[in-house]
Amino acid sequence: DPVTIQLIESGTTEAAYEVQVSGGTQSGNKFTASYSFSDVPSGTYTMKVIKSKHVTREYTVTVGAENVTQDVEIWLLGDVNGDGTINVKDKKLIFNHLNDPSGALTGYALDVGDVNRDGTINVKDKKLIFNHLKGISLWS
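Residues numbered from 1 in each chain as written. Predicted model: local features only at pLDDT ≥ 70, side-chain atom pairs only at ≥ 80, totals over all residues. Heavy atoms only, no water.

Draft legend 1. A look at the overall build of the protein chain. Regarding its fold elements, the protein chain presents 3 helices and 6 strands. For the protein chain, the spread of C-alpha atoms along the principal axes amounts to about 50 × 30 × 25 Å. Within the protein chain, the fraction of its 140 residues that count as buried is 31%. For the protein chain, the exposed surface amounts to about 8,500 Å²; the carbon and sulfur share of it is 48%. Positive and negative side-chain charges in the protein chain, numbering 13 and 17 respectively, have mean positions lying 14 Å apart. (Helix = DSSP H or I, 4+ residues; strand = E, 2+ residues; numbered from the N terminus. Buried < 20%, exposed > 50% of the residue type's maximum accessible area, 1.4 Å probe, protein only. Areas by Shrake-Rupley, 256 points an atom, 1.4 Å probe, with all protein chains shown as cover. Lys, Arg positive; Asp, Glu negative; His and termini not counted. Charge placed at Lys NZ, Arg CZ, Asp CG, Glu CD.)

This is the structure:
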């Protein structure tokens, strides 16, 4: 699936720049793709990275006179540890989040673990990952 990369100027909500790139070159469970924007005025932008079946990720990018390089990483929905595949490790992280306060997920991992996208990680998300491991796709 293609990856969409947007630059949203600070103080606005609409993308000022947008590019779509291929899913990239695979190495193990990870993909790498190159992207670029031309003639972007100096300023602060939110860079939004979007791909089907993945959790959108946002970065703050400051553009000045020099070229800016920003490596980005997005994870498959349910791939809580970001290793490129949904497996029992992810189910265990969800279990720990639900049962052990010291195992609470935060930040991007919390977003990735909210498989049903209802705003919280709960037993429904754990069940969806369990079903996925049994062969029932998260995206059926």
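Draft legend 2. Summary view of the pattern of salt bridges. In the structure shown here, the tally under the stated rule is 1 salt bridge. Salt-bridge contacts for Lys-48 lead to Glu-58; the nearest nitrogen and oxygen are separated by 3.7 Å. Here Lys-48, found in strand E5 (residues 43-51), pairs with Glu-58, found in strand E6 (residues 57-63); they are 10 residues apart in sequence, far enough to count as distant. A relative accessible area of 23% means that Lys-48 is categorised as partly exposed. (Salt bridge = Lys/Arg side-chain N within 4 Å of Asp/Glu carboxyl O.)

Draft legend 3. Local environment of helix H3 (residues 123-133). Of the residues making up H3, those classed as buried are Asp-125, Ile-129 and Asn-131. When H3 is viewed along its axis, its buried side chains cluster within an angular range of 160° and face the same direction. Along H3, exposed side chains directed more than 90 degrees from the buried face belong to Val-123 and Lys-124. Looking at the packing, one finds that the buried side of H3 touches helix H1 (88-99) and helix H2 (107-113). (Arc of directions from axis to C-beta. Contact = heavy atoms within 4.5 Å.)

Draft legend 4. Local environment of the confidence of the model for the protein chain. Averaged over every residue, the pLDDT of the protein chain is 92; residues scoring 70 or more account for 99%. Within the protein chain, the element-level pLDDT minimum falls on strand E4 (residues 30-32), averaging 82, and the maximum on H2, averaging 96. (pLDDT = per-residue confidence, 0-100.)

Draft legend 5. How the structure looks around the packing of H1 against H3. At a minimum axis distance of 10 Å, the contact between H1 and H3 shows a crossing angle of 165°. As judged from the angle between their axes, H1 and H3 are roughly antiparallel. Considering only the axes of H1 and H3, their crossing is left-handed. Packed against H1, whose contacting residues are Val-88, Lys-91, Ile-94, Phe-95 and Leu-98, the element H3 presents Val-123, Lys-126, Ile-129, Phe-130 and Leu-133 at the interface. The residue makeup of the contact of H1 with H3, split by class, is 8 nonpolar, no polar and 2 charged. (Axes fitted to C-alpha atoms, helices over the stretch in contact; angles between N-to-C directions. Parallel < 35°, antiparallel > 145°, perpendicular 65-115°, else oblique. Left-handed = near helix turned anticlockwise from the far one by under 90°. Nonpolar A, V, L, I, M, F, W, Y, C, P; charged D, E, K, R; others polar.)

Draft legend 6. How the structure looks around the sheet that holds strand E1 (residues 3-9). Reading across from one edge, E2-E1-E5-E6 is the order of the 4 strands in this open sheet, with antiparallel pairing throughout. In the strand order of this sheet, the two ends are held by strand E2 (17-21) and E6, each with one partner. On average, each strand axis in the sheet is tilted by 20° relative to the strand beside it, whichever way the strands run. (Pairing = 2+ DSSP bridges.)

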